[in-house]
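# Per-entry structural report
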Amino acid sequence: MLRFIATSLCLRCPRVPVLPLHVRTRGTASPAENQQTVDAFYELAVDIQKVRKLKGWVLHQHPAYAKEVAGLLRDMGASGPVIANVLVVHPEAVLCNPEEMEAQRELWTSVCPNKKELVGIIEKFPASFFTSACHHENQRNNIAYFHSLNLNKRIITKLMASAPQSFSRPVEQNQVMVDTLQRSYIELGGEKYNMKIWLQKLLSQNPFVLLKSSDVLRQNLLFLKNKGFTTAELLHLLSKLRGFVTELNPDSMSQTLLYSQEMMGCSEEQLREIVLKCPALLYYPKHILADRFEGLLRAGISVSQIMDTPTVLELTTQIVNYRLQKLRAHGYDARTGSLEVLNGTKKDFEQSYGKLKLRVQRPLFNPVAPLKTFD
């Protein structure tokens, strides 16, 4: 029965001619690539297949200024490979017209006159340099504002490169955050003569602090004050957290502190001392801390050792296990010794491990004693 119905429907429906493949795809084909851009990319040894894969839409844009971008970078001292790398990472650069590029060069050289350094910044942060002309006025105003704060030109350059959004927005928004930071610094007992250095260091460590809410900063400092931290301790935390205090909130900090106190079985006063040693404890989510506590305990590390060296919680479980294994191979048992040797960056650990290894392998003879000889 079903076969009969299907056959009847097929007989009644008009046949639709099958179009050749090239005819069917022509109607939905994307616009042709800009051949001048493609040719210029080939001449500049740009990995055009990578561009097509990641940002192929750029190759379809008209007009484009690939040769002009290359000429600008070459004039600033960029080598062929550097130019090719910039265009692979940020092919949108070819959509900036020559006038915009010249305006950007003028802006950036006002804070970074060294061409070699500027080319290095452009290679690392091409999107920050090749930006829309609509932001130029805000960029100029922000540069003037940070100059008025007597900030080092290198700090201003780093801000422009790593947090370009803060320079693209109205200068008044940055003023609000900077004023809040400065006021907090003074209210917490910071010295006026040292405020510029403090602010420079903070902005250098975390350029994105400018994009955060000043209200959040005040709320978090108030929360920590209510937890018993003194003004001096709050200034220490604000400095050590490198502005990340603006990315926290009272709820998450409450959960983290409560869990840490329960795990270590310590008093509130002891907990504050631990946080001062390891401010990062404030911003790790509970599940991350749980994994790290459990990993340390499984490795035989005691709670008292963690309380003495809480910065070990900044390391992932994998890193801790790897370092414990390397230390154990040379006779150092962290379960009965200090955890300080585990701390630090990879470079720090390698130096500590190297010293330990050298001490273990040191020859057990007096190098100034005469050697015994055999006749």
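Since the structure is predicted, the reported quantities are computational estimates derived from the model, not experimental observations. All residue numbers refer to position in the chain's written sequence, counted from 1. In keeping with the model being predicted, local features are shown solely for residues with a pLDDT of at least 70 and side-chain atom pairs are shown and tallied solely at 80 or more, while totals for entire chains, interfaces and linings include all residues. Side-chain metrics in this entry use all non-hydrogen atoms of the structure; hydrogen atoms and water are not considered.

## Points about the overall build of the chain
A run of H or I in DSSP counts as a helix once it spans at least four residues, and a run of E counts as a strand once it spans at least two, with each numbered from the N terminus. A tally of regular secondary structure across the chain gives 22 helices and zero strands. With a 1.4 Å probe rolled over the protein chains alone, any residue whose accessible area is under 20% of its type maximum counts as buried; one over 50% counts as exposed, and the rest are partly exposed. Scored against the burial criterion, the 375 residues of the chain give a buried share of 42%. The contact criterion used throughout is that any non-hydrogen atoms of two residues lie within 4.5 Å. Considering only contacts within the chain whose residues lie at least 6 apart along the sequence, 74% involve residues at least 24 apart. Per-residue and other accessible areas were derived by the Shrake-Rupley procedure at a 1.4 Å probe size, with only the shown protein chains allowed to occlude residues. When the accessible surface of the chain is split by element, carbon and sulfur atoms take 55% of a total near 21,900 Å².

## So, the side chain of Thr309
Within the secondary structure layout, Thr309 lies in the loop between helix H20 (303-308) and helix H21 (317-329). Those residues in contact with Thr309 that sit more than four places away from it in its chain are Leu339, Glu340 and Asn343.

## Describing helix H19 (residues 286-298)
Owing to its 3.6 residues per turn, the α-helix brings residues three or four apart onto one side. Along its 13 residues, H19 runs 18 Å from first to last C-alpha, staying within 8% of the 18 Å computed at 1.5 Å per residue. Every buried residue belonging to H19 is among Leu289, Ala290, Arg292, Phe293, Gly295 and Leu296, and all of these are buried. Packing partners of the buried residues in H19 comprise helix H17 (250-264), H20 and H21. Gly300 sits one or two positions beyond H19 and adopts a positive phi of about 95 degrees. Expected helix span is taken as 1.5 Å per residue step, with the number of steps being one fewer than the number of residues.

## Some words on the pattern of salt bridges
Salt bridges are defined by distance alone: a side-chain nitrogen of Lys or Arg within 4 Å of a carboxyl oxygen of Asp or Glu. Applying the stated criterion across every chain, the model contains nine salt bridges. For Glu33, the salt bridge goes to Arg52, with nearest N and O atoms at 2.9 Å. Residue Glu33 is found in the loop between helix H2 (21-26) and helix H3 (35-43), and its partner Arg52 is found in helix H4 (residues 48-55); the two are separated by 19 residues along the sequence. Classification of Glu33 as partly exposed rests on a relative accessible area of 26%. Note that Glu137 and Arg140 form a salt bridge whose closest N and O atoms lie 3.8 Å from each other. Taken together, the positions of Glu137 and Arg140, both in helix H10 (residues 136-148) and three residues apart, correspond to about one turn of that helix. For Glu137, a relative accessible area of 47% corresponds to the partly exposed category.

## A few points about the packing of helix H15 (residues 214-226) against H17
Across the interface, H15 lies against H17 with an axial gap of 10 Å and an inter-helix angle of 35 degrees. As H15 packs across H17, the resulting crossing turns out to be right-handed. Where H15 approaches H17, its residues Asn220, Phe223 and Leu224 are matched on the opposing element by Pro250, Met253, Ser254 and Leu257. When residues are sorted by character, Ala, Val, Leu, Ile, Met, Phe, Trp, Tyr, Cys and Pro go into the nonpolar class, Asp, Glu, Lys and Arg into the charged class, and all the rest, Gly among them, into the polar class. When the residues that make up the contact of H15 with H17 are grouped by side-chain class, the tally is five nonpolar, two polar and no charged. Comment: axis = line fitted to C-alpha atoms, over the contacting stretch for helices; angle = value between 0 and 180 degrees taken between N-to-C directions. Crossings are assigned a handedness: left-handed for a near helix turned anticlockwise from the far helix by less than a right angle, right-handed for a clockwise turn.

## Topic: H3
Those residues of H3 lying buried are Thr37, Val38, Ala40 and Phe41. One side of H3 carries all its buried residues, which in axial view fall inside an arc of 165 degrees. Seen from the buried face of H3, the exposed residues on the opposite side, beyond 90 degrees, are Gln36 and Glu43. Structurally, H3 contributes buried residues whose contacts are with H4, helix H5 (66-75) and helix H6 (80-89). Polar contact is defined as a pair of N or O atoms within 3.5 Å, subject to the rule that within protein one atom must be able to donate a hydrogen and the other to accept it, and that residues adjacent in sequence are counted only when both atoms are side-chain atoms. At the N-terminal end of H3, a side-chain oxygen is found 3.1 Å from the backbone nitrogen of Gln36, two or three residues along, and the residue is Asn34. Count one or two residues on from H3 and you reach Ala45, which has phi positive near 65 degrees. Of all possible arcs, the one meant is that of the directions from the helix axis to the C-beta atoms.

## Some words on the packing of aromatic side chains
When two rings of Phe, Tyr or Trp (its six-membered ring) have centres within 6.5 Å they constitute a pair, described as stacked for plane angles under 30 degrees, edge-to-face for angles over 60, and tilted for the intermediate range. In the structure shown here, the tally under the stated rule is eight aromatic pairs. Each ring, one from Trp108 and one from Phe129, has its centre 6.0 Å from the other, and the planes form 50 degrees; the classification is tilted. In this pair, Trp108 sits in helix H7 (residues 98-111) while Phe129 sits in helix H9 (residues 126-129), placing the two residues 21 residues apart along the sequence. The residues Trp108 and Phe129 share a single accessibility class, namely buried. A centroid spacing of 4.9 Å and a plane angle of 80 degrees characterise the contact between Phe129 and Phe130, whose relative ring orientation is edge-to-face. In this pair, the class of Phe129 matches that of Phe130, namely buried. Of the aromatic side chains, those joined through ring pairs into one cluster are Trp108, Phe129 and Phe130. Looking at Arg292, its charged tip hangs above the ring of Tyr284, at a distance of 4.7 Å from the centre. Here, over-ring charges are defined by two tests on the NZ atom of lysine or the CZ atom of arginine: distance to the ring centre within 6 Å, and angle to the ring normal within 35 degrees.

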